[in-house]
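# Architecture and fold: a report
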Amino acid sequence: MRVNMKFTSKGKAAIENFNNEELLEIFARYIKTLTKKYDIEVDVPLEVNQNIVSDGTVIAMAQNVKCDVDTFFKELGRDIKVPLKKRLGGKLENVFKTEFIE
């Protein structure tokens, strides 16, 4: 399953303070932590995430989904807010909206 995480306008403002490698590292770290709690495999492939800031989207591939995928990505969104908020120095609501493509 392909998952598009489209950044909101506030989310886009926050990710402008990061480079692509930093964003990939943040997503990888938080996904790894959450997969200990949820029964799902998620990968954020580099080849389709070359320009996260300019695209305004992170694309992930989910496999072996044995949990509520919507809940997983909502929790990921809450977790991702932490480092983005620190660098932005302001308040953030939702940082991305999730679109699931079978």
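Residues numbered from 1 in each chain as written. Predicted model: local features only at pLDDT ≥ 70, side-chain atom pairs only at ≥ 80, totals over all residues. Heavy atoms only, no water.

## Describing the pattern of salt bridges
One pass over the full model with this rule turns up 6 salt bridges. One salt bridge in this structure joins E22 and R87, with 3.4 Å as the shortest N-O distance. Pair noted here: E22 is in helix 2 (residues 20–34) and R87 is in helix 4 (residues 69–88), with a separation of 65 residues, a long-range link. When its relative accessible area of 29% is taken as the criterion, E22 is described as partly exposed. Residue E25 pairs with R29 through a salt bridge whose shortest N-O separation is 3.4 Å. A residue pair is termed a helical-turn pair when its members lie 3 or 4 positions apart in one helix, as E25 and R29 do in helix 2 at 4 residues. On the accessibility criterion, R29 (41% relative accessible area) is partly exposed. (Salt bridge = Lys/Arg side-chain N within 4 Å of Asp/Glu carboxyl O. Helix = DSSP H or I, 4+ residues; strand = E, 2+ residues; numbered from the N terminus. Buried < 20%, exposed > 50% of the residue type's maximum accessible area, 1.4 Å probe, protein only.)

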